[in-house]
Amino acid sequence: MDWEKAYAFILTLTAVDYAVIVVNLLLIAFARPLLKRYTAENVPEATFTFRVNLLRGLNLVILLVYSYEDFYKPVAENSGGVKFLGTILIFYLCYLSNFLSQHYIQKLYGKARVINDKTIYIETYQTRLLSILAAIFITIIGIISIVKQLGFDSLLEAGGVLGFIGVMLALTQGAWAPDIISGLIFLNSTQFEEGDIVEIDNGIIGRVYKTKLFHTEILNLTNNHRIMIRNSKLRDNVIHNLSKFASPKGLRECLSFNIGYDVAIKDVKHLLSTAYQRAIDQKIPLEGQHDPDIKLLETGDHAVTWGILFYVKSVDKIVPIRRDFREIILATSIEMDISLATPLTHVFKGELMGNNGQVTGDG
């Protein structure tokens with residue numbers, strides 16, 4: 001490198017040049033703590049790292065393009081490097097403006113909630129709607145600025161670019177619009193919120209982790225992994241919000257069992273009440289101050305369906321509660337010699353069966 005030329009270049013730098021260089025270098029160095037300050041606690045580490053690398057990458061590109069234009073080819077306003085640098089700066093400012101606007105909207109209009117001993121601000125209908133409007137406004141300003149930066153000065157040229165973008169959005173609205181609308185409906189109805197325990201009609205029980213723009217993330221409590229469901233698809237399901245129970249006693253649960261007609265009613269009630277007391281003694285988190293209800297649910301052809309109804313407030317532990325309580329009931333039934341298997345009451349006599357296993361005769 002020609003050091004004399006570099007020294008001469010440094011002498012030509014203005015206060016604006018120094019400001020651009022210093023600011024970008026500081027943003028590269030302190031990208032992580034700065035983003036940590038304005039990022040929610042429940043953002044995954046991979047997403048946070050991507051944001052840090054994106055911020056540093058944009059600042060590095062700005063520095064490289066800026067240095068190239070000033071050091072190697074000083075000058076023309078309409079040069080390709082200047083246009084490229086201007087476009088990168090617009091992208092950068094749009095991203096930064098959108099990030100900060102989302103943060104402050106979440107802080108001002110979000111709902112504070114304690115999840116796993118941490119206070120986080122969950123999204124509401126107001127925050128989602130304001131975030132979308134802010135993002136649309138910033139995007140429109142950014143597109144117009146980029147169009148002007150690229151030299152599409154005439155109204156016809158600029159209109160053509162914006163029209164093309166509008167046509168693309170119109171053609172693809174079937175893929176994204178239903179999910180956005182469904183997400184807004186969820187937030188407006190407060191059917192469920194981040195941190196709630198829900199049960200979907202396909203059998204999934206999980207904690208709502210995040211209701212995003214196009215999908216909802218749920219932590220499956222059975223398998224301990226996250227699942228992603230499109231908002232429009234999730235809206236087609238029956239969703240049971242276990243966290244929002246109507247009674248101050250807690251969530252009313254019911255475990256049902258098929259027991260034969262030959263077992264006396266008092267024996268069934270003794271079995272289930274004994275198992276319930278054992279569950280309380282083994283520290284299963286049931287609401288033990290409330291007596292269980294043991295009810296006859298259905299009289300079937302082969303057996304009687306009995307149910308034990310009890311209350312639970314620790315809904316985040318509903319999966320192990322159901323599993324452990326069933327195990328205690330099974331162990332108690334074996335001890336009392338009461339079968340929980342549905343008895344077979346329809347028996348075909350051997351003489352009614354032919355040698356090939358087919359029913360013979362008039363029967």
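All values reported here derive from a predicted model rather than from experimental measurement.

The rules behind these values
Residues numbered from 1 in each chain as written. Predicted model: local features only at pLDDT ≥ 70, side-chain atom pairs only at ≥ 80, totals over all residues. Heavy atoms only, no water. Helix = DSSP H or I, 4+ residues; strand = E, 2+ residues; numbered from the N terminus. Buried < 20%, exposed > 50% of the residue type's maximum accessible area, 1.4 Å probe, protein only. Pairing = 2+ DSSP bridges. Axes fitted to C-alpha atoms, helices over the stretch in contact; angles between N-to-C directions. Contact = heavy atoms within 4.5 Å. Expected span 1.5 Å × (residues − 1). Patch = residues over 30% accessible without salt bridge, like charges linked within 9 Å, V, L, I, M, F, W, Y side chains within 5 Å. Areas by Shrake-Rupley, 256 points an atom, 1.4 Å probe, with all protein chains shown as cover. Salt bridge = Lys/Arg side-chain N within 4 Å of Asp/Glu carboxyl O. Core = buried A, V, L, I, M, F, W, Y, C linked by side-chain atoms within 4.5 Å. pLDDT = per-residue confidence, 0-100.

Peer 1: Got a sec to walk through unusual backbone geometry? Specific residues and values, please.
Peer 2: The backbone of N224 shows a phi angle near 60 degrees, a positive value even though the residue is not glycine. Looking at the secondary structure, you find N224 in the loop between β5 (215-220) and β6 (225-230). Overall, the relative accessible area of 61% leaves N224 in the exposed class.

Peer 1: Can you lay out the pairing of β5 for me, pointing to particular residues and giving the numbers?
Peer 2: Note on strand geometry: in a regular strand, side chains alternate between the two faces of the sheet. Of all six residues in β5, five are buried; the element is thus mostly enclosed. Inspection of the sheet shows strand β4 (residues 205-211) paired to β5 by five bridges, in the antiparallel sense. Each bridged residue has a counterpart across the sheet, and for T211 the counterpart in β5 is T216. Between β4 and the antiparallel strand that follows it, β5, lie three residues.

Peer 1: Explain the sheet that holds strand β9 (residues 293-299) to me, using residue names and the numbers behind them.
Peer 2: Hydrogen bonds between backbone groups are what pair the strands of a sheet, and the pairing can be parallel or antiparallel. Here we have three strands laid out as an open sheet, ordered β8-β10-β9, and antiparallel in their pairing. Single-partner strands in this sheet number two, and they are β8 (251-259) and β9. Averaged over neighbouring strand pairs, the angle between their axes works out to 30 degrees when direction is ignored. For β9 and strand β10 (residues 304-312), the ladder comprises six bridges, and the chain directions are antiparallel. Considered in β10, the bridge of I294 is made with I308. Sitting on the sheet, helix α10 (residues 318-335) is in contact with β8 and β10, with an inclination near 35 degrees to β8.

Peer 1: Would you mind going over helix α9 (residues 265-281) in detail, with residue names and values included?
Peer 2: Along its 17 residues, α9 runs 25 Å from first to last C-alpha, staying within 8% of the 24 Å computed at 1.5 Å per residue. Residues of α9 that are buried make contact with β8, β9, β10 and α10.

Peer 1: Quick one: what's the story with a nonpolar patch on the surface, residue by residue and with numbers?
Peer 2: Side chains of Y104, L108, Y109, L129, L130, L133, I136, I140 and I144 sit close together on the surface and give an oily, nonpolar patch of about 840 Å² of accessible area. Mapped by element, the contributors of at least two residues to the nonpolar patch are α5 (80-109) and α6 (125-149). Among the elements that take part in the nonpolar patch, α6 stands out by supplying six residues, more than any other. Note on I144: relative accessible area 39%, which makes it partly exposed.

Peer 1: Give a detailed account of the nonpolar core, specifying residues and quantitative values.
Peer 2: One finds I259, L272, L286, I308, F310, F325 and I329 to be the most contacted residues of the largest nonpolar core, which totals 30 residues. Those elements giving two or more residues to this core turn out to be β8, α9, β10 and α10.

Peer 1: Explain the confidence of the model for the chain residue by residue, including any values.
Peer 2: Counting all residues, the mean pLDDT for the chain is 79, and 78% of those residues have values of 70 or more. Considering only residues more than four positions removed or in separate chains, one finds that residues 351-355, a stretch of pLDDT under 50, has nine contacts. Counted against residues more than four places away or in other chains, residues 359-363, with its pLDDT under 50, gives six contacts.

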